[in-house]
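# A closer look at the structure
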Amino acid sequence: QWLFDSPTSAPRLLKFRSGHHAPPHLIRYYGSDGKQLLTASRDRSLRCTSVVRDSRSFEMSQGSLAKKATSLSIPLASLKFPPITAISYSSARAKDWDDILTAHSEETFARSWTMLNKKLGKHNFGFQDTVKGKAKERPPLGSVKVRNFLSIIKQ
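All values reported here derive from a predicted model rather than from experimental measurement.

Basis of the calculations
Residues numbered from 1 in each chain as written. Predicted model: local features only at pLDDT ≥ 70, side-chain atom pairs only at ≥ 80, totals over all residues. Heavy atoms only, no water. Core = buried A, V, L, I, M, F, W, Y, C linked by side-chain atoms within 4.5 Å. Buried < 20%, exposed > 50% of the residue type's maximum accessible area, 1.4 Å probe, protein only. Helix = DSSP H or I, 4+ residues; strand = E, 2+ residues; numbered from the N terminus. Contact = heavy atoms within 4.5 Å. Pairing = 2+ DSSP bridges. Axes fitted to C-alpha atoms, helices over the stretch in contact; angles between N-to-C directions. Polar contact = N/O pair within 3.5 Å; in protein donor to acceptor, adjacent residues only side chain to side chain. Patch = residues over 30% accessible without salt bridge, like charges linked within 9 Å, V, L, I, M, F, W, Y side chains within 5 Å. Areas by Shrake-Rupley, 256 points an atom, 1.4 Å probe, with all protein chains shown as cover. Salt bridge = Lys/Arg side-chain N within 4 Å of Asp/Glu carboxyl O. Phe/Tyr/Trp six-rings, centres within 6.5 Å; stacked < 30°, edge-to-face > 60°. Lys NZ or Arg CZ within 6 Å of the ring centre and 35° of its normal.

## What about the nonpolar core?
Core analysis: the largest hydrophobic core is formed by 15 residues, its most contacted members being Leu38, Leu46, Met60, Ile87, Ile100 and Met115. Residue assignment for this core shows that the elements contributing at least two residues are strand 3 (24-30), strand 4 (36-41), strand 5 (46-50) and strand 7 (84-89). In this structure, Ile87 is in contact with Leu26, Arg28, Leu38, Thr39, Ala40, Leu46, Ile100, Leu101 and Thr102, ignoring residues within four places of it in sequence.

## Points about the sheet that holds strand 9 (residues 109-114)
Sheet strands pair via backbone hydrogen bonds, and the direction of the pair is either parallel or antiparallel. Read from one edge of the open sheet, four strands run 7-8-9-10, paired in antiparallel fashion. The strands lining the two open edges of the sheet, one partner per strand, are strand 7 and strand 10 (119-126). The mean angle between the axes of side-by-side strands here comes to 25 degrees, regardless of whether they run parallel or antiparallel.

## Re the side chain of Ser112
Mapped onto the elements, Ser112 comes out in strand 9. There is a polar contact of 2.7 Å between the side chain of Ser112 and the side chain of Asp98. Contacts of Ser112, omitting those with residues within four sequence positions, involve Asp98, Ile100, Leu101, Leu120, Gly121, Lys122, His123 and Phe125.

## Comments concerning a nonpolar patch on the surface
On the surface, Trp2, Phe4 and Leu13 cluster together into a nonpolar patch covering about 390 Å² of accessible area. Looking at the secondary structure, you find Phe4 in the loop between strand 1 (2-3) and strand 2 (12-13). When its relative accessible area of 58% is taken as the criterion, Phe4 is described as exposed.

## Some remarks on the packing of aromatic side chains
A complete count under the given rule lists two aromatic pairs for this structure. With centroids separated by 4.9 Å and ring planes inclined at 50 degrees, the aromatic side chains of Tyr30 and Tyr89 adopt a geometry described as tilted. Residue Tyr30 is located in strand 3, and its partner Tyr89 is located in strand 7; the two are separated by 59 residues in the primary sequence. Taking relative accessible area as the criterion, Tyr30 reaches 7% and is therefore assigned buried. On the basis of relative accessible area, Tyr89 is assigned to the partly exposed category, the value being 21%. Sitting above the plane of the Phe81 ring, Arg111 keeps its charged end 3.7 Å from the centroid. Over the ring of Phe58 we find Lys118; its NZ or CZ atom is 4.7 Å from the centre of that ring.

## Some details on the pairing of strand 10
Every regular strand shows the same layout, with side chains that alternate between the two sheet faces. Note that strand 9 and strand 10 share five bridges and pair antiparallel. Along strand 10, the bridge assignment pairs Trp113 with Leu120. Linking strand 9 to strand 10, which pair antiparallel, is a turn of four residues; within it Lys118 sits at a positive phi near 60 degrees.

Distances and angles like these do not, on their own, reveal function.
If you want it as structure tokens, here you go:
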């Protein structure tokens, strides 16, 4: 929104809204109060959107990608994670551990995120079957596996 102080002066920015650069394809409520949404988009970002106050909305950080992209002289988009295919969360004990889990296209593991710190968590959750010391190839992790994982955590 722009504010016009007078008809002759230049307008000044009053409020600024930000969001995904592409339409979201996954939307999930976060928390028990229904005031926050977790959204994923083809722009390969995860955002927390407040339905009450826009100033409380933010993008979950994937790290200092802009700095890495500049130092490596490559596009920023090439460093972002693949698009998210599934989102799940558990707000129980969110202060003690990562509380969001995402599955990404073409990956066989899930990533953890922390809402408290608004960033990527410390853990990747995958599985590996070994046969005579060799890892078996597994299909990408899907939403059913993410939900099953978090239902185990909640118990």
